Amino acid sequence: MYKRIKVSNSKSNPDAIAVAVSSDAKRTPAALRDVDKRLGGAIGDSLKRGEFSADAGSVSTFYPTTGAERLYVIGLGDVGKPVGGSTLNAWRIGAARLTGAADRAGIGSIALHLDGGKDAVEIARAVGEGLGLGAFVYDELKGTASGNGVKKGPTTLDVATDSAATRKAMERGLTIAESANVARRLAATPPNIANPAYLVSEAKKIARQTGLTCKVIDGKRAKAMGMGGLTAVGQAGSTPPAMIMLEHTPRGTAKDAPVMLVGKAITFDTGGYSLKVGGTMVNMKYDKCGGMAVLGAMHAVARLKLPVRVVGIIAAAENMVDTGAYRVDDVITAYNGVTIEITNTDAEGRLVLADALSYGCKTYKPRAVVDLATLTGGVVTALGPYCAGCFVNDDKLRKSLFDAGEATGERLWRLPLWEEHRKQMKGTHGDIANSAGRNAHPIQGAAFLSYFVAKDGDFKTNADVPWAHLDIAGVADVAESSDWSGLFSKGPTGFGVRLLVRALEQWK
Ligand code: BES
Ligand code: MN
Ligand code: ZN
């Protein structure tokens, strides 16, 4: 698969030409007439014959006799009809499939003729995202049984497009996709490699590469500082837990209150003594996806040099079983002094987030907080693999995230969080319990977290800071490539990276 996708303006002698048509196209669209002439009328012919469907996100291949070796026709489906919540998804999915088709054909250049009209710039960006997401493979661990020695095609794909504006937008889309792929690669890395210590070293490496500041609170210091949640969850892990802070402070913003992103990064979730049974432990390497989304978003924020101060906090721990592991009935104290009665060691994500959120609110006094976590199986039951559950206490933040969700196709659905839910979490011998039965399962997670979010870190008054909790348990990975109509290969999606970047780009 391509290591790099490069955007250029040279359309002479490409290996392939790609065009996009909607389902109702019966003749060559006006904007494609020139290129059709060059191809000896291949586009018009294929449309007239109607031998292919222009289903949204499909890619059909033709072999014209002149002009180019290959013609790829991307189907756009019914124009204006959203796919997976976003009208741009047909372009994204088509572009992702295009990368795959080009790779299989072993070609090195494609000239894109995208008749985007007034939406040309947004479309170019979506195509950039799709091309980039389609280029993701995680094959570092494939061994001798996976066809070593097969001839590999070019490692760079040149994509040419018309105007300077669409080139720029496409490059931006590619950059954001690369950041999503950083998150996906780490998410896919198995737990015997990607333990908390590994995430620390990767975060430092990314900070060095992108100009972010990276600070780490290691396991020992976390314990000494009173981070009882991170400590308890991580104390049986193969390496100690860690709190990782990434800071993006553009010139002149050092005094600004930052936007704070917080992510759950459980490198493997066995459930602890409340062990995951009956096959539910499989894929629990993806329990670090919230943290990896934060890492990916910070990567993009730095590379795009967004003019807003952003802090990312990743709470990294491994939830294992061992003599020294934490137990049910333990009572622990979080960073802000709230005591927590453990009723289920499998409700561990909220414990590491308790420290990340309260430490972050106290230290950075953020103007807004967004946390992402594969927090509950309940959200998967409730909403399925199509959207993340969103809990948000502020209308401006809600709008910003939902708009970003619609633009990127990373959809959100709002769930309630009321005082009743907070009361449900009250403990018997501690302030609160980490799990309270089966009622309102995904909401319990949000209600629990609310005890650790406060404006200016003032937990006495518990004044609200704009805060959103995104439960991404259903969307962090796809079980089948078809789950998202082919935008993703089986495995992690990087959900949250494109969403957060989009929201931060439009931040006022
Ligand atoms: N990591 C899981 C949530 C999860 C489940 C993510 C399925 C992805 C797919 C989380 O730590 C967990 O185990 N949650 C429990 C909470 C319960 C014990 C209160 C759950 O959802 O069952
Ligand atoms: Mn768990
Ligand atoms: Zn978990």
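Residues numbered from 1 in each chain as written. Chains lettered and ligands numbered in written order. Predicted model: local features only at pLDDT ≥ 70, side-chain atom pairs only at ≥ 80, totals over all residues. Heavy atoms only, no water.

As for the side chain of arginine 422
Mapped onto the secondary structure, arginine 422 falls in helix 13 (residues 419–424). When sequence neighbours within four positions are dropped, the list of residues in contact with arginine 422 reads Leu417, Ala447, Ser450, Tyr451 and Asn462. (Helix = DSSP H or I, 4+ residues; strand = E, 2+ residues; numbered from the N terminus. Contact = heavy atoms within 4.5 Å.)

Quick look at the layout of surface pockets
Space inside the largest pocket adds up to approximately 1200 Å³. Lining the largest pocket are 43 residues, with Tyr2, Lys3, Val137, Glu140 and Arg185 positioned closest to its centre. Contributing elements (two or more residues each) for the lining of the largest pocket: strand 1 (4–8), helix 3 (89–105), helix 5 (164–188), helix 6 (196–210) and helix 9 (289–303). Ranked by residues supplied to the lining of the largest pocket, first place goes to helix 5 with 6 residues. Taken together, the residues of the lining of the largest pocket sort by class into 17 nonpolar, 12 polar and 14 charged. There are two domains that each give the lining of the largest pocket at least three residues, and those are domain 1 (11–135) and domain 2 (182–505). Within this model, the second largest pocket holds a volume of roughly 780 Å³. Lining of the second largest pocket is provided by 33 residues; of these, Lys276, Met284, Asp346, Thr376 and Gly377 occupy positions nearest its centre. At the level of secondary structure, the elements contributing two or more residues to the lining of the second largest pocket comprise strand 9 (259–269), helix 10 (349–364), helix 11 (377–383) and helix 14 (441–449). (1 Å grid on protein atoms, 1.4 Å probe; cavity = no way out; pocket = protein on both sides within 12 Å on 5 of 7 lines; lining within 4 Å. Points joined across faces, edges and corners; volume = space filled by probe spheres on them. Nonpolar A, V, L, I, M, F, W, Y, C, P; charged D, E, K, R; others polar. Domains from an automatic or database assignment.)

Re the coordination of the manganese ion (ligand 2)
Around the manganese ion (ligand 2), the protein supplies Asp269 (OD), Asp346 (O), Asp346 (OD) and Glu348 (OE) as donor atoms, at distances of 2.0 to 2.2 Å. The site at the manganese ion (ligand 2) holds 6 donor atoms, and with the angles between them running 73 to 170°, its shape is irregular. Read in sequence order, the donor residues for the manganese ion (ligand 2) give the motif D-x76-D-x1-E. Taken as a pair, the manganese ion (ligand 2) and the zinc ion (ligand 3) lie 3.1 Å from each other and share aspartate 269 as a ligand. (Donors = N, O, S within 2.8 Å, 3.2 Å for Na, K, Ca; no water. Tetrahedral: all angles 85-135°; square planar, octahedral: opposite > 155°, others 65-115°.)

Things to note about the pairing of strand 9
Counting buried residues along strand 9, 11 of its 11 residues qualify, which places the element largely inside the surrounding structure. In the sheet, strand 9 pairs with strand 13 (residues 368–373) via 5 bridges, with the strands oriented parallel. By the bridge assignment, valine 259 is partnered in strand 13 with alanine 368. In the sheet, strand 9 pairs with strand 10 (residues 310–319) via 9 bridges, with the strands oriented parallel. (Buried < 20%, exposed > 50% of the residue type's maximum accessible area, 1.4 Å probe, protein only. Pairing = 2+ DSSP bridges.)

Re the site of ligand 1
Around ligand 1 there are 16 residues in total, and Lys276, Asp287, Asp346, Glu348 and Gly377 lie nearest to it. Aspartate 287 places a side-chain nitrogen or oxygen 2.8 Å from a nitrogen atom of ligand 1. Within the contact set of ligand 1, an oxygen atom lies 2.6 Å away from a backbone nitrogen or oxygen of glycine 377. Protein burial of ligand 1: of its 510 Å² of free accessible surface, 81% is covered by the chains. More than half of the atoms belonging to ligand 1 lie within 2 Å of the grid points that define the second largest pocket. In terms of residue class, the shell around ligand 1 is built from 4 nonpolar, 6 polar and 6 charged. (Near = heavy atom within 4 Å. Polar contact = N/O pair within 3.5 Å; in protein donor to acceptor, adjacent residues only side chain to side chain. Areas by Shrake-Rupley, 256 points an atom, 1.4 Å probe, with all protein chains shown as cover. Sits in = over half its atoms within 2 Å of the grid points.)

Things to note about the coordination of the zinc ion (ligand 3)
Binding of the zinc ion (ligand 3) to the protein goes through Lys264 (NZ), Asp269 (OD), Asp287 (OD) and Glu348 (OE), at separations of 2.0 to 2.4 Å. Of note is the zinc ion (ligand 3), whose 6 donor atoms meet at the metal with angles of 78 to 174° in an arrangement that counts as octahedral. Donor residues for the zinc ion (ligand 3), ordered by position in the chain, follow K-x4-D-x17-D-x60-E.

Digging into the domain arrangement of the chain
What the domain assignment lists for the chain is domain 1 (11–135) and domain 2 (182–505). Centre-to-centre, using C-alpha coordinates, domain 1 lies 38 Å away from domain 2. Across the contact, 14 residues belong to domain 1 and 14 residues belong to domain 2. In this assembly, domain 1 packs against domain 2 so that about 1200 Å² is buried in total across both faces, 46% of it on carbon and sulfur atoms. Where domain 1 meets domain 2, there are 3 salt bridges. Put simply, arginine 502 and glutamate 122 hold a salt bridge, and the shortest N to O gap is 2.9 Å. Inspection of the domain 1/domain 2 interface yields 8 residue pairs in polar contact (both at pLDDT 80 or more). (Buried area = accessible area lost by both parts, 1.4 Å probe. Salt bridge = Lys/Arg side-chain N within 4 Å of Asp/Glu carboxyl O.)

Some points on empty space enclosed by the protein
Tallied over the full model, the rule gives 1 cavity of 30 Å³ or more. One number sums up the size of the largest cavity: a volume of about 50 Å³. If you go around the largest cavity, the residues you meet are Ala183, Arg184, Ala187, Cys289, Met292, Ala293, Ile472, Ala476, Pro492, Thr493, Gly494 and Phe495. Contributions of two or more residues to the lining of the largest cavity are made by helix 5 and helix 9.

Examining the sheet that holds strand 12 (residues 339–341)
Strands sit in the order 11-12-16 across an open sheet of 3 strands; the sheet is mixed. What marks the edges here is a single partner per strand, and that holds for strand 11 (331–333) and strand 16 (432–433). As paired strands, strand 12 and strand 16 are joined by 2 bridges and run parallel to one another. Residue pairing across strands places glutamate 341 opposite alanine 433, the latter belonging to strand 16.

Notes on the sheet that holds strand 15 (residues 412–414)
Spatial ordering of the open sheet is given by 7-8-10-9-13-17-14-15, a layout of 8 strands whose pairing is mixed. With partners counted over all chains shown, the strands left at the sheet margins are strand 7 (213–218) and strand 15, one partner each. Going across the sheet, the axis of each strand differs from the next one's by a mean of 20°, ignoring polarity. When strand 7 meets strand 8 (residues 242–248), the two strands line up antiparallel, connected through 6 bridges. Paired with threonine 213 across the strands is glutamate 247, a residue of strand 8. Across the sheet, helix 6 touches strand 7, strand 8, strand 9 and strand 10, and the angle it forms with strand 8 is around 15°. Contacts from helix 14 reach strand 13, strand 14 (388–392) and strand 17 (467–471), with the element oriented near 145° to strand 17. (Axes fitted to C-alpha atoms, helices over the stretch in contact; angles between N-to-C directions.)

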